[in-house]
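Coordinate inspection notes
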Amino acid sequence: MPLTIEKISSITGIDSVVYLITNIKYLSSDFLSGSEIKYIENQIHCQKRELLHFQRASKIIFIQFMDMKKETENRLEILRKSGDRIAEILNKNHIKNISISDIEGHKTEVMALVEGISLGNYQFLNFKTKKSETKNPLKKIRIRSNKIQTNDIDSLMIILESVYKCRDLVNYPVSALNATKFAEEVTSFFEGTGIKTEVLTEKKIQTLKMGGLLGVNKGSVDPPTFTIIEWKPEDARNSKPYILVGKGVMYDTGGMNLKIHDHMNNMKADMSGAAAVAASLYGIARLNIPLYIIGLIPATDNRVDGNAIVPGDVIHMHDGSTVEIINTDAEGRLILADALSYAKKYEPELVIDLATLTGSAMRALGINAIAGMQKNAKDAFGKLVESSYKVHERIVELPLWDDFNEDIKSDIADIKNLGGANAGAITAGKFLEHFTDYPFIHLDIAGPAFYEKKNSYFGTGGSGYGVRLLINFFQNLKTNEEQL
Ligand code: BES
Ligand code: ZN
Ligand code: ZN
């Protein structure tokens, strides 16, 4: 659970405090001495520092300067990062509570700061035996602001909880979270949210002839699952659903094309797309967003075994097409393809998939961007990109030009599961596109889904990428009169 956030009517002086200001004139001599104000002024204007702090007995006073000349997105991101820094400093000093004073009434800025503190304070302690020793002391944020209402805080809490849930799912190793456990876990967190879940087990997956999911699962000792999550509120504004599809490779060894060197490290995170889809739906339902949205999550691990698929195999997919396996490490697209063709039966308004699909996306854009591709979904894609900048989980578009169809042509089957040496993220997208007949957006989150080294408030380990993005996208969609 994220830390507690509450609204207070005045700064009492019992807590450490963050003062947010756009101008030095707002600093009052009631709580700062003349020399302190001089020092702050110098640091902000001459040293160009935006976050300052100093100790006052057992408390810490933070001054957060906000430059209103900066672009909003940029300013909000600076504040989230400051939030992470503040959480770090408070925890290092064993401080439990922090008050935030919104002196001038800058609601979005305060919310961004709180978001940064809370996301920065995340820890995954489920496998620590001495939890109380390792747990961050910071527990509570108190906000003093005339502009922020309790329902703003409630909504933010739901979003933060959703990100926490996503990170937890990603951080569990496969030994604790195989496909079945994953399905059980997400089913249990939807209890009481109004969401319906159905978990298709191996028999049903066989009946549906999902050859992609079954093919990848052939090397595993654990059965696959296919989880269907349905959020259909009575006041839904759309009759054709939006569908979210998440890659649920619980662990990716590469299969018979076993990953070499340290490429297998962190491959427990190969289900980050699945975790993001489940956690976003949790948030969407808790926020009561009046849109009909479905989540589809194919899940299995990708392993080596006597009967595992091998390069040269041809598999029969759910939609009847055949796929030649060139490389068993290109497994994500095989399980996603079955989910994408399964999605056709809903006649969806739009399908968005999230997947840690290719190392190529990471090589192209690094660890702070999502590679996005779209077919017949230009407007929705534009809105998603807008959301992506707002929440700072930015999407960069790659093309899905038909020229790339050549790369996945197979000699003996309809298509093959790997393109050439170039444009790997795009040819993976083209492979997925083959299984769609509706407006489609593909998001490759291989770069930012998991951080080996701490990346500010995104943390270490599962980052939760995709959750704030999707929730923001659907929140905006619901308030737009006009549908896409
Ligand atoms: N899960 C990986 C992609 C990945 C790589 C995610 C690094 C996160 C970090 C995917 O299944 C994979 O193995 N892709 C290979 C394809 C290869 C066969 C050409 C890749 O992109 O390296
Ligand atoms: Zn792989
Ligand atoms: Zn993979």
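Above: the structure in question.
What comes next concerns the included structure. Counting of residues starts from 1 at the beginning of each chain's written sequence and follows it residue by residue. Ligands are numbered from 1 and chains lettered from A, in the order in which they are written. A pLDDT threshold of at least 70 governs which residues receive local features in this predicted model, and a stricter bar of 80 or more applies before side-chain atom pairs are shown or counted, although totals over entire chains, interfaces and linings include all residues. Here the side-chain values reflect all heavy atoms present in the structure, with hydrogen atoms and water set aside.

**Overview of the overall build of the protein**
Each helix corresponds to a stretch of at least 4 residues labelled H or I by DSSP, and each strand to a stretch of at least 2 residues labelled E; elements are numbered beginning at the N terminus. On a plain count of helices and strands, the protein comes out with 14 helices and 20 strands. With the radius of gyration taken over C-alpha atoms, the globule rule is written as 2.2 Å times the number of residues to the power 0.38. Scaling as 2.2 N^0.38, a compact globule of 484 residues should have a C-alpha radius of gyration of about 23 Å, and the protein matches this with 24 Å. Whether two residues are in contact is decided by their heavy atoms: any pair within 4.5 Å suffices. Across the protein, contacts joining residues at least 24 apart in sequence account for 78% of those joining residues at least 6 apart. In the structure as shown, the protein presents an accessible area of about 20200 Å², 47% of it carried by carbon and sulfur atoms. Side chains of the protein give 57 positive and 60 negative charges; the mean places of these two sets differ by 7 Å. Computed with the Shrake-Rupley method and a 1.4 Å probe, the accessible areas treat only the protein chains shown as cover for residues. Just so you know, the count uses Lys and Arg for positive and Asp and Glu for negative, and it drops His and the chain ends. To locate a charge, take NZ of a lysine, CZ of an arginine, CG of an aspartate or CD of a glutamate.

**Here we look at the site of ligand 1**
Looking at ligand 1, there are 16 residues lining it, with Lys 259, Asp 270, Asp 329, Glu 331 and Gly 359 nearest. The term polar contact refers here to a pair of N or O atoms within 3.5 Å; inside protein, the definition further demands a hydrogen-donor-capable atom paired with an acceptor-capable atom, and it admits residues adjacent in sequence only when both atoms are side-chain atoms. Within the side chain of Lys 247, a nitrogen or oxygen atom sits 3.3 Å from an oxygen atom of ligand 1. Contact distances for ligand 1 include 2.7 Å between an oxygen atom and a side-chain N or O atom of Asp 329. Contact with the protein chains removes 78% of the 510 Å² of surface that ligand 1 exposes when unbound. Each residue is assigned to one class: nonpolar for Ala, Val, Leu, Ile, Met, Phe, Trp, Tyr, Cys and Pro, charged for Asp, Glu, Lys and Arg, and polar for all the others, Gly among them. Its residues assigned to classes, the shell around ligand 1 comprises 6 nonpolar, 4 polar and 6 charged. Residues are classed as near a molecule or strand on a simple rule: at least one heavy atom within 4 Å of it.

**Regarding the pattern of salt bridges**
Any two side chains of opposite charge can pair, so long as their charged atoms come close to each other. Only one rule defines a salt bridge in this text: a Lys or Arg side-chain nitrogen within 4 Å of an Asp or Glu carboxyl oxygen. A complete count under the given rule lists 25 salt bridges for this structure. Between Arg 80 and Glu 115 there is a salt bridge, and its shortest N-O distance comes to 2.9 Å. Of the two residues, Arg 80 sits in helix α2 (residues 72–92) while Glu 115 sits in helix α3 (residues 107–120), which places them 35 residues apart along the sequence. Burial status follows relative accessibility: with a 1.4 Å probe on protein chains alone, a residue under 20% of its type maximum counts as buried, one over 50% as exposed, and anything between as partly exposed. Owing to a relative accessible area of 4%, Arg 80 belongs among the buried residues under this scheme.

**Quick look at the pairing of strand β11 (residues 293–302)**
Counting buried positions along β11 yields 10 of 10 residues, so the element is predominantly enclosed. Burial of β11 is two-sided: the residues Ile 293, Gly 295, Ile 297, Ala 299 and Asp 301 facing one way and the residues Ile 294, Leu 296, Pro 298, Thr 300 and Asn 302 facing the other way are all buried. Pairing between strands is defined by DSSP: at least two bridges between them are needed. Bridge analysis of strand β8 (residues 225–231) against β11 gives 7 bridges, and the strand direction is antiparallel. Looking at the pairing, Ile 228 lines up with Leu 296 of β11. Here strand β9 (residues 242–246) pairs with β11 via 4 bridges, running parallel. Directly across from Ile 243, in β11, lies its bridge partner Ile 294.

**A look at the sheet that holds strand β13 (residues 322–324)**
Spatial ordering of the open sheet is given by β12-β13-β17, a layout of 3 strands whose pairing is mixed. Only two strands of the sheet have a single partner each, and these edge strands are β12 (314–316) and β17 (415–416). Here 3 bridges tie β12 to β13, and the two strands are oriented antiparallel to one another. Counterpart to Ile 315 in the pairing with β13 is Val 323.

**Digging into the coordination of the zinc ion (ligand 3)**
Protein ligation of the zinc ion (ligand 3) involves Lys 247 (NZ), Asp 252 (OD), Asp 270 (OD) and Glu 331 (OE), the donor distances falling in the range 2.0 to 2.5 Å. Here the zinc ion (ligand 3) is ringed by 6 donor atoms whose angles at the metal span 77 to 176°, and the overall shape comes out octahedral. Look at where the donors of the zinc ion (ligand 3) fall in the sequence and you get K-x4-D-x17-D-x60-E. Separation of the zinc ion (ligand 3) from the zinc ion (ligand 2) amounts to 3.2 Å, with Asp 252 serving as a shared donor to the pair. Here Lys 247 is found in the loop between β9 and β10 (248–252), whereas its partner Asp 270 is found in the loop between β10 and α9 (272–286), with 23 residues between them in sequence. A relative accessible area of 1% means that Lys 247 is categorised as buried. Distances define the donors: N, O and S atoms within 2.8 Å of the metal qualify, as do those within 3.2 Å of Na, K or Ca. Water is excluded, so some sites may look unfinished. For a four-donor site, all angles between 85 and 135 degrees give tetrahedral; for four or six donors, opposite pairs above 155 degrees with the remaining angles between 65 and 115 give square planar or octahedral; all remaining cases count as irregular.

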